[in-house]
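Examining the three-dimensional arrangement
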Amino acid sequence: MKSHILSIEYPFLRKEIPYATPLELFVNTEIDKYKCLPPSVRNMYKKSNFGVLTANVFPNASFQELIPMGRWMLVGFAFDDFYGSTPLEELEKISQKTINILKGKLPQPNDEEFFHQFAQTRKELLTMVSPYWLERFVLHHELWFEGMKIDTLYSQENSTRYPGIEEYKKIREKIVGGEIICDLIEIAAGFIMPEEVFSNPVIKRARQLLTLMMSWFNDIHSVAWELQRKEAMNLVLVIENERKCTREEAYREAIEIHNKDLEFTLITQNLPDFGIYNEGVAAYMHNAQLFLKGQELWYEGGTERYGKTEA
């Protein structure tokens, strides 16, 4: 039974996905470059369909734009999986090295593939974005790494320790890397936000809600995966621990939390006047909706990453 999962369905139209097959082939080729990963992990990644995911969530992007997006999507998942259980001191060094590469420092030839992929992603994105966008992109990686470090503090104890629900909500915004995704949506929308748009409170709130919804959607679908990996950062498990309730009750509360964040839809329908940027902002919000719908389709049958969702 998956009634608690199937009750999450975004009220947005799906768009035809033109580049899913060629992008999946590209991502699978890149997976084989990760020699630091055992063959079993590389095979699992190929079954995860990260190329299909990327094409689904950025359906308006050109194939040229999808290349760095698909590259980042793969390295994002792989980096988190590979370094998620790394001791904090080492994780801090690895994170700083990645930030330096995203700022333009070249990796060494014998560095693990993650660093070469981040460098190549930056190189490809440089032709598509503004210096201000790239500065934000790097800053949002720093937030993501902060989340990974907090996760490490919880997961490296002898027994799993869960944060409280409200504490977790704040942590999760960083761990998911949602602001990075929100940056990439700008490319798909053909609208690289200038500072005066990005800093607008309405835009900030819309991006926050988008980040939260992708977080909760992932958490609801990945409970078995998180339990297997002894991870504490999952909304359903956090609720279950704090409320001392059944798993099914925790699922229901997690869905309620998710659905409250559909405030995002109201924002997109009542945007303020951005003057010359109105068309760009509208395109961004539309592509954000397409992202959510594409994510839904991937989790509901487009990947084997999380296995079968438990009842």
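The rules we used
- Residues numbered from 1 in each chain as written.
- Predicted model: local features only at pLDDT ≥ 70, side-chain atom pairs only at ≥ 80, totals over all residues.
- Heavy atoms only, no water.
- pLDDT = per-residue confidence, 0-100.
- Contact = heavy atoms within 4.5 Å.
- Patch = residues over 30% accessible without salt bridge, like charges linked within 9 Å, V, L, I, M, F, W, Y side chains within 5 Å.
- Areas by Shrake-Rupley, 256 points an atom, 1.4 Å probe, with all protein chains shown as cover.
- Salt bridge = Lys/Arg side-chain N within 4 Å of Asp/Glu carboxyl O.
- Lys, Arg positive; Asp, Glu negative; His and termini not counted.
- Charge placed at Lys NZ, Arg CZ, Asp CG, Glu CD.
- Helix = DSSP H or I, 4+ residues; strand = E, 2+ residues; numbered from the N terminus.
- Buried < 20%, exposed > 50% of the residue type's maximum accessible area, 1.4 Å probe, protein only.
- Expected span 1.5 Å × (residues − 1).
- Phe/Tyr/Trp six-rings, centres within 6.5 Å; stacked < 30°, edge-to-face > 60°.
- Lys NZ or Arg CZ within 6 Å of the ring centre and 35° of its normal.
- Axes fitted to C-alpha atoms, helices over the stretch in contact; angles between N-to-C directions.
- Parallel < 35°, antiparallel > 145°, perpendicular 65-115°, else oblique.
- Left-handed = near helix turned anticlockwise from the far one by under 90°.
- Core = buried A, V, L, I, M, F, W, Y, C linked by side-chain atoms within 4.5 Å.

**Some words on the confidence of the model for the protein**
Confidence along the protein averages 92 in pLDDT terms, with 95% of residues attaining 70 or more. Low confidence marks residues 1–6, where pLDDT is under 50. Its contacts with residues over four positions away, or in another chain, come to 17 contacts.

**Comments concerning a negative patch on the surface**
A cluster of acidic residues, Glu89, Glu90, Glu92 and Glu112, forms a negative patch on the protein surface. Examined against the element boundaries, Glu92 turns out to sit in helix α6 (residues 88–102). By relative accessible area, Glu92 is classed as partly exposed at 39%.

**Some details on helix α2 (residues 20–31)**
Compared with an ideal rise of 1.5 Å per residue, which puts twelve residues at 16 Å, α2 spans 16 Å between its outermost C-alpha atoms and is within 8% of the ideal. Residues of α2 that are buried include every one of Ala20, Leu23, Glu24, Phe26, Val27, Asn28, Glu30 and Ile31, and no others. Elements in contact with the buried residues of α2: α3 (39–48), α4 (50–57), α5 (63–83) and α7 (113–125).

**Overview of the packing of aromatic side chains**
Under the definition given, this model contains 28 aromatic pairs. With centroids separated by 5.6 Å and ring planes inclined at 25 degrees, the aromatic side chains of Tyr10 and Phe217 adopt a geometry described as stacked. Pair noted here: Tyr10 is in the loop between α1 (3–6) and α2 and Phe217 is in helix α12 (residues 201–221), with a separation of 207 residues, a long-range link. The same class applies to Tyr10 and to Phe217, which are both buried. Where Phe79 meets Tyr83, the ring centres are 4.8 Å apart and the plane angle is 55 degrees; that geometry is what we call tilted. Separated by four residues within a single helix, Phe79 and Tyr83 lie in helix α5, roughly one turn from each other. In terms of burial, Phe79 and Tyr83 fall into one category: buried. Taken together, the ring pairs connect Tyr10, Phe12, Tyr45, Phe50, Phe77, Phe217, Trp225, Trp298, Tyr299 and Tyr306 into an aromatic cluster. For the cation-ring pair, Lys97 lies above Phe115, with the distance from its terminal atom to the ring centre recorded as 4.7 Å. The positively charged end of Arg136 is found above the aromatic ring belonging to Phe198, 4.3 Å away from the centroid.

**Quick look at α5**
Taking 1.5 Å per residue, 21 residues should reach 30 Å; α5 reaches 30 Å between its end C-alpha atoms and fits that length. Most of α5 is tucked away, with 16 of its 21 residues classed as buried.

**Comments concerning the packing of α6 against α7**
Between α6 and α7, whose axes approach to 9 Å, the crossing angle comes to 30 degrees. One finds that α6 runs roughly parallel with respect to α7. The two elements α6 and α7 meet at a crossing, and its hand is right-handed. Residues Ile94, Lys97, Thr98, Ile101 and Leu102 of α6 pack against Phe115, Phe118, Ala119 and Arg122 of α7.

**Brief notes about the pattern of salt bridges**
If you walk through the whole model with that rule in mind, you get 21 salt bridges. In this structure, Asp81 and Arg229 form a salt bridge, with 3.8 Å as the shortest nitrogen-oxygen distance. In this pair, Asp81 sits in helix α5 while Arg229 sits in the loop between α13 (223–228) and α14 (235–243), placing the two residues 148 residues apart along the sequence. The residue Arg207 makes a salt bridge to Glu179 at a minimum N-O spacing of 2.8 Å. Taken together, the positions of Arg207 in helix α12 and Glu179 in helix α10 (residues 178–189) put the pair 28 residues apart, joining distant regions of the chain. Several salt bridges converge on common partners, so that one network encompasses Arg136, Glu179, Asp183, Glu186 and Arg207.

**Some details on the environment of Leu125**
Tracing the chain through its elements places Leu125 in helix α7. A residue is classified by how much of its surface remains accessible, and Leu125, at 1% relative accessible area, is buried. In this structure, the C-alpha to C-alpha distance between Leu125 and Glu135, residues ten residues apart in sequence, is 12 Å. Those residues within four positions of Leu125 in sequence are excluded, and the remaining contacts are Pro68, Trp133, Phe137 and Ile187.

**Side note on the nonpolar core**
Core analysis: the largest hydrophobic core is formed by 102 residues, its most contacted members being Phe58, Trp72, Phe79, Phe137 and Phe291. Take this core: its biggest share by element is eleven residues, from α5. What Trp72 contacts, discounting residues up to four positions off in sequence, is Phe118, Thr121, Phe137, His141, Ile180, Ile181 and Leu184.

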